[in-house]
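A look at the structure
One letter stands for each residue in the lines below.
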Amino acid sequence: LAKYRILESKALLPPQLPCRNMMNGDHKEHEIHGVESYIDDVLTVVVIGASGDLAKKKTYPALYTLFVKGFLPENTKIYGYARSKKTDKELHERITPFLKKEQPHAEEQDMKEFLEMCVYRRGQYGSAEDLGKVVEEASKFEAKAKGNSKKVNRLFYFAIPPSVYADVAAAIHEVGISNEGFTRMIIEKPFGHDLDSAKELSKKLEKHFTEEYIFRIDHYLGKEMVQNMLVLRFGNVFFEPLWNNKYIDCVYISFKEPFGTEGRGGYFDNNGIIRDVMQNHLLQALALFAMEPPVSIDDGGSVRNEKTKLLKSIQPIKLSEVVVGQYVGSKDGKKPGYKDDETLKNKDSITPTFCSAVLRICNQRWDGVPFIMRAGKALNQRKVEIRVQFKKVPGAPKMFPDDVRRSRQQMTL
């Protein structure tokens, strides 16, 4: 859902490349404003966990952007589904500020029409009975909107904790599969708590669905900087000769937020900054930055394979090259510390809110180049960047004795 930017950036890609259908992976030639055949189908979206932070801050704004850009079918209905008791109006009031923030220049009519698409229904996550009522209601909308030749597609977005993924998947398998189009489950991070739990979760999902039904996503891949990295690296002939250990000395990947957990301490304490940001968002950015050229950026399999090869080349991280920390309250008392968060139950928590780690990639391109990954909350500014520090220019200190900075160039993304 958050990958609409790749369609917006078609002018940056060679015109002969086919455009990938975001929904089903088919390869089709570019049609009206980059949208393939699904635009004429009926689409039912079920946002599971609609009352949570992820839904209001990411999922609904992403859907709204797709709507404003013309990437949602005309016959689309979005069902918010969660355990909390809410009305449609309460849902609209909850998400509207974030929709406006995402698309500040959109017309009022766009907002009105989008909110008319969005309804809210209450139910237990693992209950096939409760979900079945929503699907039954959706079926009536689909039958009315379908006409004679349109397909009926269903998309289930998991904005919920991993602990209930399997139960929800079982309920969808029982009552939610479309017989007249595709069915997709979009699963957000975190995908488990560690390697063992991730494998166990995959096994549970495989009981009900094959891989073609499941889309594991990291919403960070939809950010403009990350999307543009593919074009920057592989669309510019002069970068490729420099993108290696002969010219690059080190790479900094930084994620800084000027605020703390702010009421999310209970959630954050189970994860920490490493699981929350580094092993997913920042590791994805590192993989795109450092991977070998894929056969095609329009083929998800090619990009995935190159990222996998890169990740397998990363050496085990040395504890001596890791720094962790936890923010405390300001001296004037105006800004609380991590342990002052009212939602934090364990007041003796040692969960890190800051981490700096050195990653080393053992392959021909990057051997000897440290990748320094840093992430933290309650820091001095908001910043997300990749800073490339090139090797010293031979002879520069002698040539420019009064300006040592000229001896080393940097590039910041």
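Check the entry above for the structure.
To start, this report covers the structure provided alongside it. (Residues numbered from 1 in each chain as written. Predicted model: local features only at pLDDT ≥ 70, side-chain atom pairs only at ≥ 80, totals over all residues. Heavy atoms only, no water.)

Focus on the packing of aromatic side chains
As enumerated under the stated definition, the model contains 14 aromatic pairs in all. On the numbers, 6.5 Å between centres and 35 degrees between planes, the contact of Y165 with F191 is tilted. A residue pair is termed long-range when its members are at least 10 positions apart, and Y165 in helix α6 (residues 165-175) and F191 in the loop between β7 (183-188) and α7 (195-206) qualify at 26 residues. Ring centres of F268 and Y338 lie 6.0 Å apart, and the angle between their planes is 70 degrees; this geometry places the pair in the edge-to-face category. With a gap of 70 residues between them, F268 in helix α9 (residues 265-268) and Y338 in the loop between β10 (322-325) and β11 (354-360) connect regions that are remote in the sequence. Looking at F268, the relative accessible area reads 0%, which means it is buried. The rings of F238, F239, W243, F289, W366 and F371 are connected pair by pair, giving a single aromatic cluster. (Phe/Tyr/Trp six-rings, centres within 6.5 Å; stacked < 30°, edge-to-face > 60°. Helix = DSSP H or I, 4+ residues; strand = E, 2+ residues; numbered from the N terminus. Buried < 20%, exposed > 50% of the residue type's maximum accessible area, 1.4 Å probe, protein only.)

Quick look at the nonpolar core
Among the nonpolar cores identified, the biggest contains 55 residues, and I48, Y60, F114, F158 and I172 are the most heavily contacted of them. Considering each element in turn, this core owes the most residues, 6 residues, to helix α2 (residues 53-69). For I172, the contacting residues outside a window of four places in its chain are I48, L131, F156, F158, I177, M185 and F209. (Core = buried A, V, L, I, M, F, W, Y, C linked by side-chain atoms within 4.5 Å. Contact = heavy atoms within 4.5 Å.)

A word on the packing of α2 against helix α3 (residues 88-102)
Between α2 and α3, the shortest axis-to-axis distance is 9 Å and the interhelical angle comes to 60 degrees. Here α2 is positioned oblique relative to α3, judged by the angle of their axes. Remark: the crossing between α2 and α3 carries right-handed chirality. Taking contact as the criterion, the partners of D53, K56, K57, Y60, P61, Y64 and T65 in α2 are, on α3, L91, R94, I95, F98, L99 and E102. Among the residues forming the contact of α2 with α3, the class breakdown is 7 nonpolar, 1 polar and 5 charged. (Axes fitted to C-alpha atoms, helices over the stretch in contact; angles between N-to-C directions. Parallel < 35°, antiparallel > 145°, perpendicular 65-115°, else oblique. Left-handed = near helix turned anticlockwise from the far one by under 90°. Nonpolar A, V, L, I, M, F, W, Y, C, P; charged D, E, K, R; others polar.)

Comments concerning the side chain of D276
Locating D276 in the fold gives a position in helix α10 (residues 272-290). What makes D276 buried here is its relative accessible area of 9%. One polar contact links D276 to Y267, side chain to side chain, over a distance of 3.5 Å. Ignoring anything within four residues of it in the chain, the contact list for D276 reads K189, Y267, F268, N271 and H281. (Polar contact = N/O pair within 3.5 Å; in protein donor to acceptor, adjacent residues only side chain to side chain.)

Describing the pairing of strand β3 (residues 42-48)
Burial runs high along β3: 7 of the 7 residues are buried. By the bridge criterion, 6 bridges tie β3 to strand β4 (residues 76-82) in an arrangement that is parallel. Bridge pairing in β4 places V45 opposite I78. As for the winding sense of the linkage, the β-α-β connection from β3 through α2 to β4 is right-handed. (Pairing = 2+ DSSP bridges. Right-handed = clockwise from strand over helix to strand, strands pointing away.)

Focus: the pattern of salt bridges
One pass over the structure, following the stated rule, counts 17 salt bridges. Across the salt bridge formed by D53 and K56, the nearest N and O atoms sit 3.7 Å from each other. With D53 and K56 both in helix α2 and 3 residues apart, this pair spans about one turn of that helix. Overall, D53 belongs to the partly exposed group, its relative accessible area being 31%. Note that R121 is salt-bridged to E137, the shortest N-O span being 2.8 Å. Residue R121 is found in strand β5 (residues 118-122), and its partner E137 is found in helix α5 (residues 128-146); the two are separated by 16 residues along the sequence. Given a relative accessible area of 29%, E137 falls into the partly exposed group. Connected through salt bridges with shared partners, the residues D53, K56, K57, R94 and R264 form a single ionic network. (Salt bridge = Lys/Arg side-chain N within 4 Å of Asp/Glu carboxyl O.)

Observations regarding the pairing of strand β6 (residues 152-158)
The buried fraction of β6 amounts to 7 of the 7 residues, a majority that puts the element mostly inside the structure. Burial along β6 is two-sided: V152, R154, F156 and F158 facing one way and N153, L155 and Y157 facing the other are all buried. Direction of pairing for β3 relative to β6: parallel, over a ladder of 7 bridges. Directly across from I48, in β6, lies its bridge partner F158. Of the pairings in the sheet, the one linking β6 to β7 comprises 5 bridges and is parallel in character.

Examining the sheet that holds strand β12 (residues 370-376)
Pairing between the strands of a sheet is mediated by backbone hydrogen bonds and can be parallel or antiparallel. Taken in spatial order, the 6 strands of this open sheet run β10-β11-β12-β9-β13-β14, and their pairing is mixed. Strands at the two margins of the open sheet, each flanked by one partner only, are β10 and β14 (410-412). Strand-to-strand twist of the sheet, defined as the mean angle between neighbouring strand axes without regard to direction, takes the value 15 degrees.

Re the sheet that holds β6
Across the sheet, 6 strands lie side by side as β5-β4-β3-β6-β7-β8; this open sheet has parallel pairing. The outermost strands of the open sheet, each flanked by one partner alone, are β5 and β8 (214-217). Mean inter-strand twist for the sheet, computed between neighbouring axes without regard to direction, equals 20 degrees. Relative to β5, β4 is paired through 5 bridges, and the arrangement is parallel. From the neighbouring strand, A82 faces β5, where its bridge partner is R122. Here α5 sits on the sheet and contacts β3, β4, β5 and β6; the angle it forms with β4, its principal contact strand, is near 175 degrees.

What to know about a positive patch on the surface
Taken together, the side chains of K58, K101, K223 and R382 make up a positively charged region of the molecular surface. Tracing the backbone shows K101 in helix α3. (Patch = residues over 30% accessible without salt bridge, like charges linked within 9 Å, V, L, I, M, F, W, Y side chains within 5 Å. Areas by Shrake-Rupley, 256 points an atom, 1.4 Å probe, with all protein chains shown as cover. Lys, Arg positive; Asp, Glu negative; His and termini not counted. Charge placed at Lys NZ, Arg CZ, Asp CG, Glu CD.)

Honestly, that's just the spatial picture; any functional story needs more than this.
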